[in-house]
Amino acid sequence: MLLTCHVLFSVRASFTADEDTLLMKYIATYNPAKKYRCGNALYKRLEANVDNKWNWSKTHPWQSWQYRYRKNMEEFDRRILKYQKKKGIDSEKPSGTKAQVPSSDEEEAVTDRSKETSKGKKRAGDQGKRPARCWE
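Chains are numbered independently. Their residues run from 1 in the order of the written sequence. A pLDDT threshold of at least 70 governs which residues receive local features in this predicted model, and a stricter bar of 80 or more applies before side-chain atom pairs are shown or counted, although totals over entire chains, interfaces and linings include all residues. Here the side-chain values reflect all heavy atoms present in the structure, with hydrogen atoms and water set aside.

1. Digging into helix H2 (residues 40–48)
Note the following rule: Throughout this description, buried means an accessible area under 20% of the type-specific maximum (1.4 Å probe, protein chains only), exposed means over 50%, and partly exposed covers the range between. Think of it this way: any DSSP run of H or I at least four residues long counts as a helix, any run of E at least two long counts as a strand, and we number them from the N terminus.
The complete set of buried residues in H2 reads Asn40, Ala41, Leu42, Tyr43 and Leu46. Note on H2: the residue one or two positions beyond its end, Asn49, has a positive phi of about 50 degrees.

2. A closer look at the nonpolar core
Filter applied, for reference: Buried Ala, Val, Leu, Ile, Met, Phe, Trp, Tyr and Cys residues that are joined via side-chain atoms within 4.5 Å together make up what is termed a nonpolar core. The contact criterion used throughout is that any non-hydrogen atoms of two residues lie within 4.5 Å.
By size, the foremost hydrophobic cluster in this structure holds 18 residues, and its most contacted members are Leu23, Tyr26, Ile27, Tyr43, Leu46, Tyr69 and Ile80. Only helix H1 (17–30), H2, helix H3 (62–71) and helix H4 (73–87) provide two or more residues apiece to this core. For this core, the element with the most residues is H1, which contributes 5 residues. Apart from the residues within four sequence positions on either side, Tyr26 is in contact with Asn31, Leu42, Arg45, Leu46, Trp54 and Trp56.

3. Describing the packing of aromatic side chains
The cut-off we apply is this: A pair of aromatic rings is counted whenever rings of Phe, Tyr or Trp (Trp by its six-membered ring) have centres within 6.5 Å, and the orientation is called stacked for planes under 30 degrees apart, edge-to-face for over 60 and tilted otherwise.
Per the stated rule, a full pass over the model turns up 6 aromatic pairs. Residues Phe15 and Trp65 carry aromatic rings whose centres are separated by 5.1 Å and whose planes lie at 75 degrees to one another, so their mutual orientation is edge-to-face. Of the two residues, Phe15 sits in the segment before H1 while Trp65 sits in helix H3, which places them 50 residues apart along the sequence. Owing to a relative accessible area of 0%, Trp65 belongs among the buried residues under this scheme.

4. A word on the pattern of salt bridges
What counts, and what does not: Salt bridges, as used here, are contacts in which a Lys or Arg side-chain nitrogen is within 4 Å of a carboxyl oxygen on Asp or Glu.
All told, the structure shown has 3 salt bridges when counted by the stated rule. Note that Arg37 and Asp77 form a salt bridge whose closest N and O atoms lie 2.7 Å from each other. With a gap of 40 residues between them, Arg37 in the loop between H1 and H2 and Asp77 in helix H4 connect regions that are remote in the sequence. When its relative accessible area of 3% is taken as the criterion, Arg37 is described as buried. Take Asp77: its relative accessible area is 13%, and that puts it in the buried class. Between Arg78 and Glu75 there is a salt bridge; the shortest N-O distance is 2.6 Å. You can see Arg78 and its partner Glu75 sitting in helix H4, 3 residues apart, about one turn around the helix. Looking at Arg78, the relative accessible area reads 46%, which means it is partly exposed. For Glu75, a relative accessible area of 39% translates into the label partly exposed.

This is how it looks when you write it as structure tokens:
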């Protein structure tokens, strides 16, 4: 009797320096103010790429783009501010129209805050560096 086994391997694509730069420019342009940078809508819009402006956005799912920003938020924010100053983008300006940032992001931020307030308690699977807080 012959048994066959099919094993599927998923390959995770690493982020490149170019992708970090593209993400930084995207956030700086489409979400100039820090508010909502960690929300889902910004990254879902990136992945959806409705206007076909960001062909590079399909290399990772929206959750990965979001986590990449959150994990390296301080560095991204520093680079974003520098880019905005160079390009004359107002970093205090809200991000475009209401449709771009649904109110569900605000609720999401509140949920994130409540999760973070359980000081000293580690959840199962929490290992390594945790993403920085996004609502400050």
